[in-house]
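# Architecture and fold: a report
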Amino acid sequence: MTRVKVCGITIVNDAVLSAEAGADALGFIFAPVSRRLVSPAVARQAGLSVGPGPARVGVFMNQALDEVLRTAEAARVSAVQVHGPVSSLYVQAISGYYPVLRVLRPADLAAEADVWTDVPGVTLMLDAPEPGGGIPLDWAALKAAFPRGAWLAGGLGPANVAEAIRHLRPAGVDAVSRLEAQAGVKEPAAVQAFIRAAKTA
Ligand SMILES: O=C(O)c1ccccc1N[C@@H]1O[C@H](COP(=O)(O)O)[C@@H](O)[C@H]1O
């Protein structure tokens, strides 16, 4: 069954409702550019409030390695998601401490996907060039190159996630924009419908 990540949690109660709806992972964005920026303290409290079930993923973009590790520790996340043009050494360093979701854009696939094939602790995720922008990828065009075991993000929501899964059979799906009432605030019905649609696809 496809695993489901609900990203951009900024409120403890949104973590609880996502976990109750069946989310396998919750995303906490620590990239300062994001409209869904959350503090490590709130992320930590949210993690404590959902019990041992869902993974807690810290999301970073173009941030220094020591900042990533310090923030992840303070927030007590269980995995780290890495966006941006960082080196493989940077990703490998983080994977010594946390399972990593390494996010690539379709344009990066040819150069970078093979680097991470069968590397323990690193899982690929395909996302649109503008993370958190709500723009879907061209699933049909990606089909031939989509790496086995990779996750999919980019403009996914209740209305299109089943179709995306049918095209690419990702190991997991991830969404933000289409699950929100406003930036950083979840729309409970959308979260529930997204998880239901992904799990039954
Ligand atoms: O959502 C953000 O603000 C964000 C900022 C910086 C890095 C990642 C961010 N979000 C990631 O965007 C994708 C999906 O977004 P959407 O569903 O297309 O809106 C997902 O990987 C989030 O973790």
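Refer to the structure presented above.
Model, not experiment: these values are computed from the prediction.

What follows covers helix H8 (residues 188-200). Across its 13 residues, H8 extends 18 Å between first and last C-alpha, which sits within 8% of the 18 Å expected from 1.5 Å per residue. Every buried residue belonging to H8 is among Val191, Phe194, Ile195, Ala197 and Ala198, and all of these are buried. Buried residues in H8, looked at end-on, bunch into an arc of 165°, giving them a common side. Pointing more than 90 degrees away from the buried face of H8 are the exposed residues Ala189 and Thr200. Those residues of H8 hidden inside the fold are in contact with strand S1 (3-6), helix H1 (12-20), helix H7 (161-168), strand S8 (172-175) and strand S10 (185-186).

A separate point is the site of the ligand. Among the 27 residues in the neighbourhood of the ligand, the closest are listed as Ser34, Pro131, Gly132, Ala153 and Ser177. Class assignment for the residues of the shell around the ligand results in 11 nonpolar, 11 polar and 5 charged.

Moving on, we get to the pairing of S8. Here S8 shows a buried face lined by Gly172 and Asp174 and a second buried face lined by Val173 and Ala175. In this sheet, S8 lies alongside S1 in parallel orientation, the contact comprising 4 bridges. Residue pairing for S8: arginine 3 is matched across the bridge by glycine 172. Pairing analysis gives 2 bridges linking strand S7 (residues 151-152) to S8, with the strands arranged parallel. Paired with tryptophan 151 across the bridge in S8 is glycine 172. Read as a crossover between parallel neighbours, the route from S7 over H7 to S8 is right-handed.

A few words on the sheet that holds S8. Pairing is parallel around the closed barrel formed by 8 strands, whose spatial order is S1-S2-S3-S4-S5-S6-S7-S8. In this structure, strand S3 (residues 55-61) lies alongside strand S4 (residues 79-83), joined through 5 bridges in parallel fashion. The partner of phenylalanine 60 across the bridge, within S4, is valine 82. This element, helix H3 (residues 65-75), spans strand S2 (25-29), S3 and S4 of the sheet and lies at about 155° to S3.

Cut-offs and rules
- Residues numbered from 1 in each chain as written.
- Predicted model: local features only at pLDDT ≥ 70, side-chain atom pairs only at ≥ 80, totals over all residues.
- Helix = DSSP H or I, 4+ residues; strand = E, 2+ residues; numbered from the N terminus.
- Expected span 1.5 Å × (residues − 1).
- Buried ≥ 20, exposed ≤ 12 C-beta atoms within 10 Å, placed from the backbone.
- Arc of directions from axis to C-beta.
- Contact = placed C-beta atoms within 7 Å.
- Near = placed C-beta within 6 Å.
- Nonpolar A, V, L, I, M, F, W, Y, C, P; charged D, E, K, R; others polar.
- Pairing = 2+ DSSP bridges.
- Right-handed = clockwise from strand over helix to strand, strands pointing away.
- Axes fitted to C-alpha atoms, helices over the stretch in contact; angles between N-to-C directions.

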